[in-house]
Amino acid sequence: MKNKSFYTLGELAKLLDVQLLGNENIDIGRLATLKNAGQGDLSFLSNPRYVSQLSDCKASALIIHPDQADQSPCACLLTTNPYVTYARASHLFAPATEIVAAIHPTAVINPSATVAATASIGANVVIEEGASVGEGSSIGAGCYIGKQVSIGKHCRLYANVTIYHDVTIADNCVIHSAAVIGADGFGFAFDGKQSLKIAQLGSVEVGDNVEIGAGTTIDRGALDNTVIGTGVKIDNQVQIGHNCIIGDHTVICGCVAIAGSTVIGKFCMIGGAVGIVGHISIADKVLVSAMSLVSKPITKAGTYSSGTGLAESSEWKRNIVRFNQLDDMSKRLRELERITRSS
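The written sequence of each chain sets the order in which its residues are numbered from 1. Per-residue local features of the predicted model are confined to residues with pLDDT of at least 70, and side-chain atom pairs are confined, for both listing and counting, to 80 or more; whole-chain, interface and lining totals are unaffected and use all residues. For side-chain calculations, the full set of non-hydrogen atoms in the structure is used, while hydrogens and water are omitted.

Brief notes about the packing of helix α1 (residues 9–16) against helix α2 (residues 82–93)
Inference 1: Lines are fitted to the C-alpha atoms to define the axes, a helix being fitted only along its stretch in contact, and any angle between axes, read from their N-to-C directions, falls within 0 to 180 degrees. Think of it this way: any DSSP run of H or I at least four residues long counts as a helix, any run of E at least two long counts as a strand, and we number them from the N terminus. Contact geometry of α1 with α2 gives a least axis separation of 10 Å together with a crossing angle of 120°. Judged on the interaxial angle alone, α2 and α1 are oblique. Remark: the crossing between α1 and α2 carries right-handed chirality. Residues L12, L15 and L16 of α1 pack against T85, R88, A89, L92 and F93 of α2.
Inference 2: We call Asp, Glu, Lys and Arg charged. Ala, Val, Leu, Ile, Met, Phe, Trp, Tyr, Cys and Pro are nonpolar, and the rest, Gly among them, are polar. Partitioned by chemical class, the residues of the contact of α1 with α2 number 6 nonpolar, 1 polar and 1 charged. Between 65 and 115 degrees an angle is taken as roughly perpendicular, under 35 as roughly parallel, over 145 as roughly antiparallel, and anywhere else as oblique. Two helices cross in a left-handed way if the nearer one is turned anticlockwise from the farther one by less than a right angle. They cross in a right-handed way if the turn is clockwise. Contacts between residues were defined by any pair of non-hydrogen atoms, one from each residue, lying within 4.5 Å.

Rendered as structure tokens:
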């Protein structure tokens, strides 16, 4: 369905299944931030630190929690989860992205490949032997689809995505430009003189409703497959090593690096630039804060962090000196305790 250029507030309340407080006939033409919203705009409040912006907000309506409705200067759409409602509303105002079933004349498709009649294949796409593209899927310009790759229904691959051989991608997935799925895992054995490459004989399985960001790389398994669970969301420039298993509905933020054979549970949140060593497991519902190093297994749900907090450089340098003295200080403390007990 093609999105409309504007909605009445009453229409939005019905489409979003929320309570309306105010004039249902107000026309809404776009979403905007609290700071920059004006007449005809719909804004939202989901973070308490922005409450101070409500008094000066010029929006025609707000998505807001019922407990804060009395602070709103305009009509409201009331919801217990404003951010989720905003996410749903964003799709109503997004440009239409209808898939036009067609195969560009410059595409190179192996005769043994299967492309659904309702799929869209862009310019200079290469689809190798035995590969398949499902109903309603869109393959952007310059994509490479390797041998025996399976792409499900209603997937969207943006320009210049590379999918190596034997990879399986389920339904309703989005893969952004320059992502590489199924490259060799980083496997080598040192024989005393040189590093010998280990053939990577596994592949990659991507579940339903997965989104993979631009420039992200997911390596194929050495023997078993690398597995990306249902509903996983992966940001840009993430590295996922061979034989990793990412649990359903986990979110991985930008520039995360995950070494091989790591198992991450369901409903986890991995913050930006986190590093995770290989061959460990992380439990379900774990949040790892940005820039942390996960160097050992995490066995129970919760929030985890590592590193030192931000400080002025002079203070940070003094603290680093003290960190280097901790072992000696600990020994001296134990000696003092021993002397105290014996006296």
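Things to note about the pairing of strand β7 (residues 75–78)
The side chains of a regular strand alternate between the sheet's two faces.
Inference 1: Going residue by residue along β7, you find A75 and L77 tucked away on one face and C76 and L78 tucked away on the opposite face as well.
Inference 2: Two strands qualify as a pair provided DSSP detects at least 2 bridges between them. Sheet analysis places strand β2 (residues 19–21) next to β7, joined by 3 bridges and oriented antiparallel. Across the sheet, L20 pairs through a bridge with L77, a residue of β7. Think of it in three bands: with a 1.4 Å probe and only protein chains considered, a residue is buried below 20% of the maximum accessible area for its type, exposed above 50%, and partly exposed in between.

Here we look at the nonpolar core
Inference 1: One finds L157, I163 and I240 to be the most contacted residues of the largest nonpolar core, which totals 51 residues.
Inference 2: Contributions of two or more residues to this core are made by β24 (204–206) and β37 (286–288).
Inference 3: Discounting residues that sit within four places of it in the chain, L157 has contacts with S138, I139, G140, C143, I145, I151, I163 and I175.
Inference 4: In this description, a nonpolar core means a group of buried Ala, Val, Leu, Ile, Met, Phe, Trp, Tyr and Cys residues linked to one another through side-chain atoms lying within 4.5 Å. Membership of the second largest hydrophobic core comes to 17 residues, among which are Y7, V18, L92 and F93.

Some thoughts on unusual backbone geometry
Inference 1: One non-glycine residue, D17, lies in the positive phi region at around 55°.
Inference 2: One can find D17 in the loop between α1 and β2.
Inference 3: Of the residues examined, D17 reaches a relative accessible area of 72% and is grouped as exposed.
Inference 4: For N160, which is not glycine, the phi torsion reads 65° and is therefore positive.
Inference 5: Residue position: N160 is located in the loop between β17 (156–157) and β18 (162–163).

Observations concerning the sheet that holds strand β29 (residues 239–240)
Inference 1: Strand order across the open sheet formed by 10 strands is β9-β12-β15-β18-β21-β26-β29-β32-β35-β38, with parallel pairing between neighbours. Each edge of the sheet is formed by a strand with only one pairing partner; in this case those strands are β9 (108–109) and β38 (293–294).
Inference 2: Across 3 bridges, strand β21 (residues 180–183) lies against strand β26 (residues 217–219) in parallel orientation. By the bridge assignment, I181 is partnered in β26 with I218.

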